[in-house]
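Chain and residue survey
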Amino acid sequence: MKIAVLPGDGIGPEVTREAVRVLEALDLPGLTLFSGDVGGVAYHAHGHPLPPETLEMARAADAVLFGAVGDPACDNLERHLRPEQAVLGLRKELDLFANLRPAKVWPGMESFSPLRAEGAGAIDCLFVRELTGDVYFGEKGQRETAAGDPEGWDLMSYSAPEVRRIAEIAFRAAAQGSGKLTSVDKANVLETSQLWRDTVNAVAGEHAQVTLDHMYVDNAAMQLAANPAEFSVILTGNLFGDILSDLASALVGSIGLMPSASLGERQTERGTFGLYEPIHGSAPDIVGQGKANPMAAILSAAMLLRHSLGREDEAKRVERAVEKALTSGVLGFDLGGSAGTAEIGDAVLARL
Ligand code: IPM
Ligand code: MG
């Protein structure tokens, strides 16, 4: 079992270090970790945010453990050289089209949500976000209007097969859980969304045990804040999923608690190849201060154990260790506490 560890920029290396400690503590036979440069760090060292050797390392692995990318010093580079292109490039090159983002409030953590306790306690949903299409990967550019004004443009599109394969994942996740699926679109305005909705309806025919409803994205944002208990599995396109999953992270109390898995179709010996990353970014404002909460990174490692290594028992052990650390009061700065990055790592390891 080979894991490519790509810590990236900002707090990426700080939180990834703790996730690696947790993986190593499990002492799994045959587990080998490799590490590579990605993001702004890679741009500075190799002239490109996703150097070919990093991509090759990721391809050769069973899973990728990813930190974060983003470096304000790179904000004025041409777009294809910016750190964010590394994660977009990995997703596209490795065909990681299915992004899973679980959002739940851990028992006892209700008071960290901006929602009232009864609403907060009910949050337990899974975003299934399409990750390799949409306006993210369409043609884009800047041009001049007829009147001579500068104009920016980005093409939004989805093909039926792209929608079908992500919808399949969402229906299967719903069937395994509550049996409820909400598909989010903007079919009242966008043709891309109309095709999305029609295709999801067609897939629904093969999953009679799942109750499907459709929701416009603006309404979904409102309902997530007002009635989060309504939601179980939420199927979205790339752009809407990006926005709504950040909203959900605020509802669960902190973006420092939200892991993610990005999966493709390639099978490993005991699971599916995937890339695992906390949904937070590189947080340049707190870099080097030892203040970042590594729980999202550690929970991402748990998802790696589950989906790519077929190690459900170990995944649960890690998740329980995080939960115990939280409920025994080990709180990071993001949750109003004072536990630093390494201290949180120690606390999770002690409970593992
Ligand atoms: C995310 C991030 C990325 C995205 C950025 C860093 C390109 O916000 O994973 O949610 O927009 O997908
Ligand atoms: Mg995002």
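This section reports on the structure supplied with the text. Keep in mind it's a predicted model, so treat the numbers as computed, not measured. (Residues numbered from 1 in each chain as written. Chains lettered and ligands numbered in written order. Predicted model: local features only at pLDDT ≥ 70, side-chain atom pairs only at ≥ 80, totals over all residues. Heavy atoms only, no water.)

So, on to the environment of L6. Here L6 lies in strand 1 (residues 2-8). Given a relative accessible area of 0%, L6 falls into the buried group. Taking C-alpha positions, L6 is 10 Å from Y276, a pair spaced 270 residues apart along the chain. (Helix = DSSP H or I, 4+ residues; strand = E, 2+ residues; numbered from the N terminus. Buried < 20%, exposed > 50% of the residue type's maximum accessible area, 1.4 Å probe, protein only.)

Our focus in this paragraph is empty space enclosed by the protein. A full pass over the atoms with the stated rule returns 1 cavity of 30 Å³ or more. Volume-wise, the largest cavity comes out at about 90 Å³. If you trace the largest cavity, you find it lined by D134, M156, Y158, V184, D185, T192, S193, W196, G237, N238, L239 and F240. Mapped by element, the contributors of at least two residues to the lining of the largest cavity are strand 8 (180-185), helix 7 (191-204) and helix 9 (238-251). A per-class count over the lining of the largest cavity returns 6 nonpolar, 4 polar and 2 charged. (1 Å grid on protein atoms, 1.4 Å probe; cavity = no way out; pocket = protein on both sides within 12 Å on 5 of 7 lines; lining within 4 Å. Points joined across faces, edges and corners; volume = space filled by probe spheres on them. Nonpolar A, V, L, I, M, F, W, Y, C, P; charged D, E, K, R; others polar.)

Right, let's talk about the packing of aromatic side chains for a bit. Tallied over the entire structure, the rule returns 1 aromatic pair. Look at Y158 and W196: their rings are 5.2 Å apart centre to centre, the planes differ by 50°, and that puts the pair in the tilted class. Taken together, the residues span a long stretch of sequence, with Y158 in the loop between strand 7 (150-154) and helix 6 (160-176) and W196 in helix 7 at a distance of 38 residues. Pair check on accessibility: Y158 and W196 agree, each one buried. When the ring centre of W106 is taken as reference, the NZ or CZ atom of K104 above it lies at 4.4 Å. Between the NZ or CZ atom of R165 and the centre of the ring of F97, over which it lies, the distance is 3.9 Å. (Phe/Tyr/Trp six-rings, centres within 6.5 Å; stacked < 30°, edge-to-face > 60°. Lys NZ or Arg CZ within 6 Å of the ring centre and 35° of its normal.)

Taken together, the neighbourhood of ligand 1 is formed by R91, R101, R129, Y136 and D242. Y136 is positioned with one of its side-chain polar atoms (N or O) 2.5 Å from an oxygen atom of ligand 1. Within the contact set of ligand 1, an oxygen atom lies 2.9 Å away from a side-chain nitrogen or oxygen of D242. Coverage of ligand 1 by the protein chains reaches 77% of its 320 Å² of free accessible surface. Mapping ligand 1 onto the cavity grids shows that it belongs to the second largest pocket. (Near = heavy atom within 4 Å. Polar contact = N/O pair within 3.5 Å; in protein donor to acceptor, adjacent residues only side chain to side chain. Areas by Shrake-Rupley, 256 points an atom, 1.4 Å probe, with all protein chains shown as cover. Sits in = over half its atoms within 2 Å of the grid points.)

Right, let's get into the pattern of salt bridges. Going through the model one piece at a time under the given rule, you end up with 15 salt bridges. Put simply, D154 and K140 hold a salt bridge, and the shortest N to O gap is 3.3 Å. Remark: K140 occurs in strand 6 (residues 140-144) and D154 occurs in strand 7; sequence separation between them is 14 residues. For D154, a relative accessible area of 47% puts it in the partly exposed group. The salt bridge involving R197 is made with D185; its shortest N-O contact spans 2.9 Å. Placement of the pair is R197 in helix 7 and D185 in strand 8, with a sequence separation of 12 residues. For the residue pair R197 and D185, the accessibility class agrees, reading buried in each case. Residues joined by salt bridges that share partners form a network here, namely R306, E312, K316 and E319. (Salt bridge = Lys/Arg side-chain N within 4 Å of Asp/Glu carboxyl O.)

As summarised here, the arrangement of the 10 strands in space is 2-1-3-12-11-4-5-10-8-9, forming an open sheet in which the pairing is mixed. Each edge of the open sheet carries a strand with a single partner, namely strand 2 (32-35) and strand 9 (211-216). Averaged over all adjacent pairs, the angle separating strand axes in this sheet is 25°, with direction ignored. Judged from the 4 bridges that link them, strand 1 and strand 2 form a sheet pairing that is parallel. Across the sheet, residue K2 finds its bridge partner in strand 2, namely T32. Those strands touched by helix 1 (residues 12-25) are strand 1, strand 2 and strand 3 (63-68), and its axis lies near 145° from that of strand 3. (Pairing = 2+ DSSP bridges. Axes fitted to C-alpha atoms, helices over the stretch in contact; angles between N-to-C directions. Contact = heavy atoms within 4.5 Å.)

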